[in-house]
Amino acid sequence: PSKALLRAARAVFDAHQGAQFGLRGLEAIEVDFGAVMERMRRLRDGISHHDSARRFRDQLGVDVYLGQARFVDDQSVEVDGTRLFFDRAALCSGGRAAIPPIPGLAEAGFLTNETVFHLTELPPRLAVLGAGPIGCELAQAFARFGSHVTLIQRGPHLLPREDRQAATLLQSALLREGVEILLETKVQRVEVGDAATGKRLHLLWKDAPLSLEVDAILVAVGRTPNVEGLELERAGVAYDQQGVRVDDRLCTTNKRIYAAGDICSARKFTHLADAQARILLANALFHGRQKVSSLVVPHCTYTDPEIAQVGLTAAEAEQQGMAVDSFTVPMESVDRAVLDGESEGFARVHLRKGTDTILGATLVGRHAGELLSELTLAMTSGQ
């Protein structure tokens, strides 16, 4: 559903930018937020059957049991009173939004990347806690819809895992679009006000006290694995706050039980979970020896400009003791980007020093996620 929201926000932005292409009268366009959300829900409903329990049961021949599952021992689970025995088991219970222990936050109420799609009215003032991919994407989208958005980050940078210049370019874009950014800021507590004042956040901004009044709070500080209630101890499956412990072949500490996706992966991407599921099936059922470490995993933050990354950044290569040669092409030197009015960004490739082996690449631009595939293909084919 987030992609439907981001697409609508991009349409709003493009309409406001029509003057540079000689179009007049689009600057005064109004956003019907209710219609935006209705479109998202309608489209989501239309495609939801692909992942429905009914399709798996009726069309794919899968026995489906709905309910809380828990291990009885190392060879059986119980679901809503029914005991199921297994030769192999796969833990794929995913993750959920991590909620920071901020006093008053629960009482004030908050949104996550799941519940935000229940909104029917645009919050006039929105605080976004966390400047990772989800926080940055939704902060920009709601600002484009007309919310006054304040993006709050404990660290000194947006997107701390991405190329530093890429994150800086995005920060400039967000500021231009009216997003207020508070870096090195800690939320100390939240208070509930009346209908006029909404919610008040008490902040510590670079060691200085600051208060902020908003109508809604979106929590986007990361993900936490869904391990509660599974009674993994009974099955001899080790886990911690980061999730279930697995080896490179996705086997847990119980050799008959495997795991894939957000419950065990440090990188929480849908497409990575899908790739891990394929590895899990090969290894658990067909005596495969496939390794997660052999995967080349691209990812993209769908802000505007997009930030797409595959392999290592220069900083990560340096941390691993690898010397690199980096080559950067600014989008402003690409004729097509200039003609499309999309000259903000760059393409950067890191090679192992003295060779033509690609260690990683970062693309920043309007269509970075689509352009990254060719570099990913080059890396997977050993070019």
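In this report, we go over the structure that sits alongside the text. (Residues numbered from 1 in each chain as written. Predicted model: local features only at pLDDT ≥ 70, side-chain atom pairs only at ≥ 80, totals over all residues. Heavy atoms only, no water.)

1. Thoughts on the pattern of salt bridges
Should the charged atoms of two oppositely charged side chains come close, the side chains can pair. For the structure shown, the criterion picks out 23 salt bridges. Across the pair Arg366 and Asp14 runs a salt bridge whose closest N-O atoms are separated by 2.7 Å. Taken as a pair, Arg366 in the loop between strand E21 (358-365) and helix H10 (368-380) and Asp14 in helix H1 (residues 2-16) lie far apart in primary sequence, 352 residues in all. A salt bridge links Asp215 to Arg125, with the nearest nitrogen and oxygen atoms 2.9 Å apart. Remark: Arg125 occurs in strand E6 (residues 125-129) and Asp215 occurs in the loop between strand E11 (208-214) and strand E12 (216-219); sequence separation between them is 90 residues. (Salt bridge = Lys/Arg side-chain N within 4 Å of Asp/Glu carboxyl O. Helix = DSSP H or I, 4+ residues; strand = E, 2+ residues; numbered from the N terminus.)

2. Notes on the state of the cysteines
Applying the stated criterion across every chain, the model contains zero disulfides. Cysteine Cys92 remains unbridged, with the sulfur of Cys264 as its closest cysteine sulfur at 7.8 Å. The cysteine Cys251 is free of any disulfide, with Cys264 supplying the nearest cysteine sulfur at 11 Å. The exposure class assigned to Cys251 is buried, which follows from its relative accessible area of 8%. (Disulfide = S-S within 2.5 Å. Buried < 20%, exposed > 50% of the residue type's maximum accessible area, 1.4 Å probe, protein only.)

3. Quick word on a nonpolar patch on the surface
Nonpolar side chains collect at one region of the surface, where Phe56, Leu60, Val62, Val64 and Leu66 lie side by side and expose about 420 Å² of accessible area between them. Mapped onto the fold, Leu60 is located in the loop between helix H3 (53-58) and strand E1 (69-73). On the basis of relative accessibility, which here comes to 45%, the residue Leu60 falls in the partly exposed class. (Patch = residues over 30% accessible without salt bridge, like charges linked within 9 Å, V, L, I, M, F, W, Y side chains within 5 Å. Areas by Shrake-Rupley, 256 points an atom, 1.4 Å probe, with all protein chains shown as cover.)

4. A few points about the packing of H1 against helix H5 (residues 133-145)
One way to put it is that H1 packs onto H5 with a least axis distance of 9 Å and a crossing angle of 45°. The pairing of H1 with H5 is recorded here as oblique in orientation. Our pair here, H1 against H5, has a crossing hand that is left-handed. Contacts from Leu5, Leu6, Ala8, Ala9, Arg10, Val12 and Phe13 of H1 reach H5 at Glu137, Leu138, Ala141, Phe142, Arg144 and Phe145. Of the residues belonging to the contact of H1 with H5, the class tally is ten nonpolar, no polar and three charged. (Axes fitted to C-alpha atoms, helices over the stretch in contact; angles between N-to-C directions. Parallel < 35°, antiparallel > 145°, perpendicular 65-115°, else oblique. Left-handed = near helix turned anticlockwise from the far one by under 90°. Contact = heavy atoms within 4.5 Å. Nonpolar A, V, L, I, M, F, W, Y, C, P; charged D, E, K, R; others polar.)

5. Details of the sheet that holds strand E3 (residues 82-85)
With antiparallel pairing, the three strands of this open sheet are ordered in space as E1-E2-E3. Looking along the sheet, the strands with just one partner apiece sit at the ends: E1 and E3. Adjacent strand axes in the sheet meet at a mean angle of 30° when their direction is disregarded. (Pairing = 2+ DSSP bridges.)

6. Here we look at the sheet that holds strand E19 (residues 324-330)
The five strands are arranged E17-E18-E21-E20-E19 in an open sheet whose pairing can be described as antiparallel. The sheet is open, and its two edges are formed by strand E17 (299-301) and E19, each paired on a single side. Strand after strand, the sheet turns through a mean of 10° between neighbouring axes, direction not considered. Where E17 meets strand E18 (residues 306-311), three bridges bridge the pair, whose relative direction is antiparallel. Counted as the bridge partner of His299 is Gln309 from E18.

7. What to know about the pairing of E12
Where burial is concerned, the two faces of E12 agree: the one with Ala216 and Leu218 and the one with Ile217 and Val219 are both buried. Where E6 lies against E12, four bridges are found, and the strand directions are parallel. Bridge pairing in E12 links Leu126 to Ala216.

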